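Chain by chain, the residues:
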Amino acid sequence: MITFKIDGQQVKARPGWTVLETAREHGIEIPTLCFHPAVSASGACRLCMVELREGTWSKLVASCIYPVAEGLQVHTDTERVRNVRRWVLEMLLAACPASPEIAALAAKYDVVRTRFTSHDPDQTCMVCGLCARVCDEVVGLSAIAIVDRGVHKRVGAPFAKPTDICVACGSCVTVCPTGAMQAIFDSVRGEPTTALTQLAAQ
Amino acid sequence: MPNLSTALKMDPWRLQSGEELNRLRAQIIAGRDPQRPEIIICHGTGCLANGSDKVAKAFRAALEGKGIQAKVMPGIKTTGCHGFCSRGPLVIIRPQGLFYQRVKPKDVEEIVDHTLVHGKAVERLLYKDPSSGDLIFNEGEIPFYKLQQRIVLHNIGKIDPTDITDTIAAGGYQALAKALTTMTPEQVVAEMEKSGLRGRGGAGFPTGRKWRSALQAIKKKGRPVYVVVNGDEGDPGAFMDRTIMEGDPHAVLEGLIIGAYALGAAQGYLYVRAEYPLAIRHLEIAMHQAREYGLLGENILNSGFSFDARINRGAGAFVCGESTALFTSIEGKPGNPRPKYVRSVEEGLWGRPTVLNNVETWANVPLIIERGADWYAGLGVPHSTGTKVFSLVGKVNNVGLVEVPMGVSMAHIVEQIGGGVPDGKPFKAVQTGGPSGGCIPYSLKDTPVDFDSLTAAGSMMGSGAMIVMDHTDCVVDVGRYFLRFLEEESCGKCLPCRLGLTRLREILDNFSQGVGSEKDIEDLTSLSQAIQDGALCALGSSAPNPVLTTIRYFREEYLAHVQEHKCPAGVCKDLITYGIDPERCTGCMNCARQCPAQCITGKKKTAHVIDTHKCLRCGICKETCKFDAVFIS
């Protein structure tokens, strides 16, 4: 067992665990959006940032991918952590104004309004990539892709063509943290007949 | 060349030992007449763009066609970049070392006739010292070169990068032979540690320590281990690595082979951006020739050590210069950075221990091995040893590539070597480290240029781009420029970078329109801090640096935009108006003809007037006016 501290509280973790896993095991709350225990962590949303301190040295890391180590001093609610959280949430409110889930999460951390104007009032997706990861890693189909890059990054079908390898299992809709996948689902899914027929034949 | 190998009785050129390398070198040098006239023509990308290939063609035609009456037929050599790019195309005539600048194909006949036949200089093509007005004949006497200390660049401009014998004659592969025959891998790593060399790619991590950590990782995980060259130089205004790869590709290769020997790597990768076709070609030629000579591949110099490398071309993404994105790109996946809580020396390319160093870092390795760590550590300043190559661009007289010891002052580089700002006024600021760096204001011109001093000033060494700005550059506009660049180049994976850079830029957009308040400056600072702390990779975490440093040093200018609705530098279009000074205007009608909005009226020989409602603020009238009558208010 590895022993270290989160917010001053002594915690124990198994080798190979992350800081987030350990925190949740001990009932310590760290917000996340792009994390789901069923798939690999990607460290994309940065809401789970925590501060590591050692003497005067300190550094922010994403707890969902940071491996535990003996003697770590983890802080989940410092000024720097709150600053990242606040700005990410404020930007998310503007990026996904139509998502009640995002609004609820932001409100939980006292972010109720945003200084930014929204570019798309109907947007709910913040491209965390959970849908693509679950389809790839759990379902094993890769029917969903993260297409384009940078500010143009979005969820879609591979090569922007509705795909008939989708078996309409709904895993992506289940893991989606903002409810966006319900709307995107139909644009990704092509004629599901081929795949379903194949499955039925097996 | 074939006669050389026959003379040495070698199985096509394959060198079997360090002695054979030395013998070959002596033979190449002996076969040359040091008094033979030689025409050296710069074929760096800058000079080529200015037509130096046409100059070379004209020289060939002139020499072949006319049958000149010199005793010895001159040789023609095309080399890598000489660095004095603003004066290109450059031609040097040896053995006198005459330095001709801005040579056009039509000048060639005169050079051949005056210099090669009659031994006289063509004065109008010589460099004129801007302060004294004296003509300077020799390259080494020009202040731009005289004030530099060229170590990494020492061969560039002298050797033909496509001919390995030229490199060997200049001492290439001596360090490799020394390492393979007289040093253990452990000694090579120890030498690198002792040299104090820090990575030239940006972060300045000590190279020796990186190699040492890799050795420790190998102990735990075993081999394979990979060595990788980061040649994905993408900072706007940076061309140091390109010049090294184009002008002295063997130096990079030799460093890489020595590194591979130190770490026991059998495979290396050179990741070079596809936008550098000449660098890629020269590296390919160099690797091919090195294999033929037994300097790369199986059983190098018959030492029992085998190593080979390949070139991977980057497809244009700036973020692929980031180590983990570079690895995923080599692995054939989209170039997204991966979170790096396990270091690359432990888990890099293909999940294996990997040493990734920048082009310039690798090119320093042979120098350190050949001349010793003590010599190297004596250059520069403690904690930032050696020299650094900078690309000096922007509002500066001598645009080009400079190499200086670490620790010289910013003013020395910009004012002495760079010759200052064109209009003679002091520079306003220098952006170091590209889009990830920061703006150093004139008031800090005596800052020593080394890793730690630049970081203390809020900027960073970065890869070595230095963009000089003068009083006509607006800091808000500069911030917007770099943010727009990074917005385009962000991979989009993490939220602080993907959403944050756009939001920062939007706030700056408002400033450029005079909209905002002091509170917005606080928001810019705190959002920047969140991006620095929160972003997944170095692209995001360093992206706010230009904004933060300009706020730190030019807060007044930000405030002027929103409080007085003025852009002091006269750049932000929404805050400026163009006008014509009736006292100065001669009524030449030039501006009126050029104006794309046709908003300038006035009769011939009477003062003109700009209709400010129609004016697009494009600035063409100001550029075209010969009487300096157009002003910005």
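Residues numbered from 1 in each chain as written. Chains lettered and ligands numbered in written order. Predicted model: local features only at pLDDT ≥ 70, side-chain atom pairs only at ≥ 80, totals over all residues. Heavy atoms only, no water.

In this complex, chain B contributes 32 residues to the contact, which on the side of chain A involves 33 residues. Carbon and sulfur atoms supply 55% of the area that chain B and chain A bury against each other, a total of about 2,800 Å² over both sides. Per-residue buried area on chain B facing chain A is highest for Tyr341, Arg503 and Asp533 of chain B; these three make up 27% of the total on that side. Connecting chain B to chain A are four salt bridges. For aspartate 520 of chain B, the salt bridge goes to arginine 115 of chain A, with nearest N and O atoms at 2.7 Å. For the pair chain B and chain A, the number of links is 18 residue pairs in polar contact (both at pLDDT 80 or more). Elements represented by at least two residues in the side of chain B that touches chain A include exactly α19 (475-489), α20 (495-512) and α21 (518-534) of chain B. Looking at the side of chain B that touches chain A, the element that brings in the most residues is α20 of chain B, giving nine residues. (Contact = heavy atoms within 4.5 Å. Buried area = accessible area lost by both parts, 1.4 Å probe. Salt bridge = Lys/Arg side-chain N within 4 Å of Asp/Glu carboxyl O. Polar contact = N/O pair within 3.5 Å; in protein donor to acceptor, adjacent residues only side chain to side chain. Helix = DSSP H or I, 4+ residues; strand = E, 2+ residues; numbered from the N terminus.)

Time to look at the nonpolar core. With 214 residues, the main nonpolar core has Leu92 of chain A together with Trp211, Leu270, Phe307 and Tyr558 of chain B as its most contacted residues. With 10 residues, the single largest contributor to this core is helix α12 (residues 249-263) of chain B. Sequence-distant contacts of leucine 270 of chain B, that is, excluding residues within four places in its chain, are made with Val229, Val252, Leu256, Leu283, Met287, Ala309, Arg310, Ile311 and Asn312 of chain B. Listed in part, the 34 residues of the second largest apolar core include Leu90, Phe144, Val449 and Met461 of chain B. (Core = buried A, V, L, I, M, F, W, Y, C linked by side-chain atoms within 4.5 Å. Buried < 20%, exposed > 50% of the residue type's maximum accessible area, 1.4 Å probe, protein only.)

All names here are of chain B. Pairing is mixed in the open sheet, where four strands are placed in the order β2-β1-β3-β4. Each of the sheet's edge strands pairs with one partner strand only, and the pair in question is β2 (75-79) and β4 (98-100). Neighbouring strand axes in the sheet, compared pairwise and without regard to direction, differ in orientation by 20° on average. Judged from the five bridges that link them, strand β1 (residues 38-42) and β2 form a sheet pairing that is parallel. The partner of glutamate 38 across the bridge, within β2, is glycine 75. (Pairing = 2+ DSSP bridges. Axes fitted to C-alpha atoms, helices over the stretch in contact; angles between N-to-C directions.)

Another aspect to go through is the domain arrangement of chain A. Residues and elements named next belong to chain A. Taken domain by domain, chain A consists of domain 1 (2-77), domain 2 (79-123) and domain 3 (130-201). Contact residues are listed per partner, giving nine residues for domain 1 and seven residues for domain 3. For the pair domain 1 and domain 3, the two sides together bury roughly 640 Å², of which 62% comes from carbon and sulfur. Broken down residue by residue, the surface that domain 1 buries against domain 3 is led by Leu33, His36 and Val39, which jointly contribute 61%. In this structure, the connection of domain 1 to domain 3 is made through zero salt bridges. Classifying every residue of the side of domain 1 that touches domain 3 gives six nonpolar, three polar and no charged. (Domains from an automatic or database assignment. Nonpolar A, V, L, I, M, F, W, Y, C, P; charged D, E, K, R; others polar.)

Next up on the list: the pattern of salt bridges. Residues and elements named next belong to chain B. If you walk through the whole model with that rule in mind, you get 44 salt bridges over all chains. One salt bridge in this structure joins glutamate 186 and arginine 212, with 3.0 Å as the shortest N-O distance. Highlighted residues: glutamate 186 in helix α9 (residues 185-195) and arginine 212 in helix α10 (residues 207-221), separated in sequence by 26 residues. On the accessibility criterion, arginine 212 (19% relative accessible area) is buried. Among the ionic pairs, lysine 445 bridges to aspartate 446, the shortest N-O distance being 3.9 Å. Judged by its relative accessible area of 21%, lysine 445 is partly exposed. Accessibility expressed as a relative area gives 55% for aspartate 446, which makes it exposed.

The next thing to look at is the packing of aromatic side chains. All names here are of chain B. Following the criterion strictly, the structure yields 16 aromatic pairs over all chains and no others. Centroid distance phenylalanine 84 to phenylalanine 144: 4.2 Å. Interplanar angle 10°. Geometry classified as stacked. With a gap of 60 residues between them, phenylalanine 84 in the loop between β2 and β3 (91-94) and phenylalanine 144 in helix α6 (residues 143-146) connect regions that are remote in the sequence. A residue is classified by how much of its surface remains accessible, and phenylalanine 84, at 1% relative accessible area, is buried. On the basis of relative accessibility, which here comes to 1%, the residue phenylalanine 144 falls in the buried class. Note on phenylalanine 427 and tyrosine 442: the rings are 5.0 Å apart at their centroids and 80° apart in plane angle, and the pair reads as edge-to-face. Of the two residues, phenylalanine 427 sits in the loop between α17 (410-417) and β15 (429-432) while tyrosine 442 sits in the loop between β16 (438-441) and α18 (451-456), which places them 15 residues apart along the sequence. Under the relative-accessibility criterion, phenylalanine 427 is labelled buried at 3%. The class of tyrosine 442 is partly exposed, set by a relative accessible area of 29%. An aromatic cluster is built from Phe84, Phe99, Tyr127, Phe144 and Tyr145, whose rings are joined through pairwise contacts. Between the NZ or CZ atom of arginine 209 and the centre of the ring of phenylalanine 205, over which it lies, the distance is 5.5 Å. For the cation-ring pair, arginine 242 lies above tyrosine 276, with the distance from its terminal atom to the ring centre recorded as 5.9 Å. (Phe/Tyr/Trp six-rings, centres within 6.5 Å; stacked < 30°, edge-to-face > 60°. Lys NZ or Arg CZ within 6 Å of the ring centre and 35° of its normal.)

Residues and elements named next belong to chain A. Those residues of helix α4 (residues 130-139) that sit buried are Leu130, Cys131, Ala132, Arg133, Val134 and Cys135. Looking at the buried side of α4, the elements it contacts are β6 (145-147), β7 (154-156), α5 (171-175) and α6 (181-188). Directly beyond the C-terminal end of α4, a positive phi value near 80° is found at glycine 140.

Here the focus is the packing of helix α2 (residues 79-95) of chain A against α21 of chain B. Contact pair α2 of chain A / α21 of chain B: the axes reach a minimum separation of 9 Å and the direction vectors enclose 105°. The orientation of α2 of chain A relative to α21 of chain B falls into the category roughly perpendicular. Along its contact with α2 of chain A, which presents Arg80, Asn83, Val84, Arg86, Trp87 and Met91 of chain A, the element α21 of chain B presents Asp523, Ser526, Leu527, Gln529, Ala530, Asp533 and Gly534 of chain B. In terms of residue class, the contact of α2 of chain A with α21 of chain B is made up of five nonpolar, four polar and four charged. (Parallel < 35°, antiparallel > 145°, perpendicular 65-115°, else oblique.)

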